[in-house]
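One-letter residues, chain by chain:
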Amino acid sequence: MTSIQQNIEHITSQIATAQQKCGRTRETIQLLAVSKTKPVEAVLEAAQAGQKEFGENYVQEGADKVSYFQQNHPELSLEWHFIGPIQSNKSRIVAENFDWVHTIDRAKIAQRLNDQRPINLAPIQVLIQVNTSGEASKSGTDESEIFALTELISSLPNLTLRGLMSIPANVSDHESQLHAFHQLAELKDKLAAHYPALTLDTLSMGMSGDMEAAIEAGSTMVRIGTAIFGARDYSNKA
Ligand SMILES: *Cc1c(COP(=O)(O)O)cnc(C)c1O
């Protein structure tokens with residue numbers, strides 16, 4: 001067994017333990033393997049261990065991996081999630097390659113992704129990225145804009161809104177982590193109550209360092225990079 005396979009098994013059992021600990025028995029919590037900066041060989045190892053969903057942060061790097069697997073391993077049917085910031089001049093590449101986008105934070109990007117989605121592809125499954133910690137430096141919508149953005153996305157035929165995503169401030173104590181995740185969960189409940197016709201079933205929250213708190217607060221999708229693929233080398237990303 002390779003170490004990537006072992007890491008996936010380890011994380012999967014940690015997810016199950018965290019889930020049982022807080023009494024969430026029936027729901028499934030999806031593991032999104034964040035493969036940014038990692039080579040296709042690492043993705044292939046994870047895929048051979050049964051992992052299907054992968055997250056990428058950089059538009060061109062992600063699109064290159066999508067094409068590589070479509071051409072060389074169509075039998076794996078991998079599902080690709082875009083989880084990085086989107087500049088409008090790169091939105092077309094995202095619209096043409098990804099199945100999911102977690103980082104919708106403004107109307108312009110939602111509109112462009114809708115308009116640029118090729119008609120032969122299914123709608124993009126999208127999440128609104130929320131800035132729960134309220135830090136000006138972090139990307140994400142303020143709470144006040146979420147309702148307007150939800151209405152816009154609901155009107156766009158090539159986007160399907162599935163829920164919310166956040167990247168809270170990087171803190172290590174469990175209580176602060178939990179507080180930020182509860183905020184996102186409450187917002188999703190508010191949104192779901194206001195728009196009962198929408199199927200808002202996804203809360204994308206939790207990374208290698210705060211997965212347990214995220215699961216306790218109701219995460220349905222944890223985004224794990226380091227704990228699967230090891231530390232990242234950013235030296236070629238400067
Ligand atoms: C890199 C990244 C992750 C994975 O982080 P790890 O700490 O390596 O697990 C998750 N979500 C987003 C948005 C990221 O950019």
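Each chain carries its own residue numbering, running from 1 in the direction its sequence is written. Totals for whole chains, interfaces and linings use every residue, but because this is a predicted model, local features are given only for residues with pLDDT of at least 70 and side-chain atom pairs only at 80 or more, for both listing and counting. To obtain the side-chain values, all non-hydrogen atoms of the structure were included, while hydrogens and water were left out.

By the naming in an unreviewed UniProt entry, the protein is Pyridoxal phosphate homeostasis protein, taken from Vibrio sinensis. UniProt positions are given in the numbering used here, feature names are shortened, and annotations may be inferred rather than shown by experiment. Annotation of the protein in UniProt includes, under Function (unreviewed entry), the sentence "Pyridoxal 5'-phosphate (PLP)-binding protein, which is involved in PLP homeostasis." The Sequence similarities (unreviewed entry) comment attached to the protein in UniProt states, word for word, "Belongs to the pyridoxal phosphate-binding protein YggS/PROSC family."

This paragraph deals with helix α7 (residues 174–194). Only DSSP runs of H or I reaching four residues or more are called helices, and only runs of E reaching two or more are called strands; each is numbered from the N terminus. Expected helix span is given by 1.5 Å per residue-to-residue step, counting one fewer step than there are residues. An ideal rise of 1.5 Å per residue puts 30 Å on 21 residues; α7 measures up with 30 Å between its terminal C-alpha atoms. All of the buried residues along α7 are Q177, L178, A180, F181, L184, A185, L187, K188 and L191. The contact definition used throughout considers only heavy atoms, calling two residues in contact when any of these lie within 4.5 Å. As for α7, its buried residues are in contact with α6 (143–154), β6 (159–165), β7 (202–204) and α8 (211–216). The classification of residues rests on relative accessible area computed with a 1.4 Å probe and restricted to protein chains. Under 20% of the type maximum is buried, over 50% is exposed, and intermediate values are partly exposed.

Since there are 3.6 residues in each turn of an α-helix, residues three or four apart along the chain are aligned in direction. Taking 1.5 Å per residue, 14 residues should reach 20 Å; helix α3 (residues 59–72) reaches 20 Å between its end C-alpha atoms and fits that length. Of the positions making up α3, those classed as buried are V59, E61, G62, A63, K65, V66 and F69. On its buried side, α3 packs onto α2 (40–48), β2 (53–56), β3 (79–82) and α4 (91–97).

This paragraph deals with the site of the ligand. Definition of nearness: a residue and a molecule or strand are near each other if at least one heavy atom of the residue lies within 4 Å of the molecule or strand. Within the structure, the ligand sits among 13 residues, and K36, N57, S208, T226 and R232 are positioned closest to it. Interatomic distance of 2.8 Å between a side-chain N/O atom of R223 and a nitrogen atom of the ligand. Here G225 contributes a backbone N or O atom positioned 2.8 Å from an oxygen atom of the ligand. Only the protein chains shown count as cover for residues, and the accessible areas themselves come from Shrake-Rupley with a 1.4 Å probe. Within the complex, 90% of the 380 Å² of free accessible area of the ligand lies under protein. Polar contacts, as counted here, are pairs of nitrogen or oxygen atoms within 3.5 Å of one another; within protein the pair requires one atom able to donate a hydrogen and one able to accept it, and residues that are adjacent in sequence qualify only if both atoms are side-chain atoms.

Take the pairing of strand β4 (residues 100–104) next. Most of β4 is tucked away: five of the five residues are buried. Any two strands are treated as partners once DSSP identifies two or more bridges connecting them. Relative to β4, β3 is paired through two bridges, and the arrangement is parallel. Note that in β4 the partner of H81 across the bridge is W100. With the strands pointing away from the viewer, any crossover whose connection runs clockwise from the first strand over the helix to the second is right-handed. Following the backbone out of β4, through helix α5 (residues 107–116) and into the adjacent parallel strand β5 (residues 124–129), one traces a crossover that is right-handed.

Let's shift gears to the packing of aromatic side chains. Here the aromatic set is Phe, Tyr and Trp, taking the six-membered ring for Trp, and pairing holds for ring centres within 6.5 Å; pairs whose planes are under 30 degrees apart are stacked, those over 60 apart are edge-to-face, and all others are tilted. In the structure shown here, the tally under the stated rule is five aromatic pairs. Geometrically, the ring pair formed by Y68 and F69 is edge-to-face, given 5.1 Å between the ring centres and 80 degrees between the ring planes. The exposure class assigned to Y68 is partly exposed, which follows from its relative accessible area of 30%. What makes F69 buried here is its relative accessible area of 3%. Of the aromatic side chains, those joined through ring pairs into one cluster are F54, Y68, F69 and W80.

Between α6 and α7, the least distance of the axes is 11 Å, while the angle of their chain directions is 40 degrees. Crossing angle aside, the handedness with which α6 passes α7 is right-handed. Contacts between α6 and α7 pair E143, I146, F147 and T150 from the former with Q183, L187, K190, L191 and H194 from the latter. Each residue is assigned to one of three groups, with Ala, Val, Leu, Ile, Met, Phe, Trp, Tyr, Cys and Pro labelled nonpolar, Asp, Glu, Lys and Arg labelled charged, and all others, Gly among them, labelled polar. In the contact of α6 with α7, the residues fall into four nonpolar, three polar and two charged. A fitted line through C-alpha atoms represents every axis, and for helices the fit uses only the stretch in contact; the resulting angles, taken between N-to-C directions, go from 0 to 180 degrees. By definition, any crossing whose near helix is turned counterclockwise from its far helix by less than a right angle is left-handed, and any crossing with a clockwise turn is right-handed.

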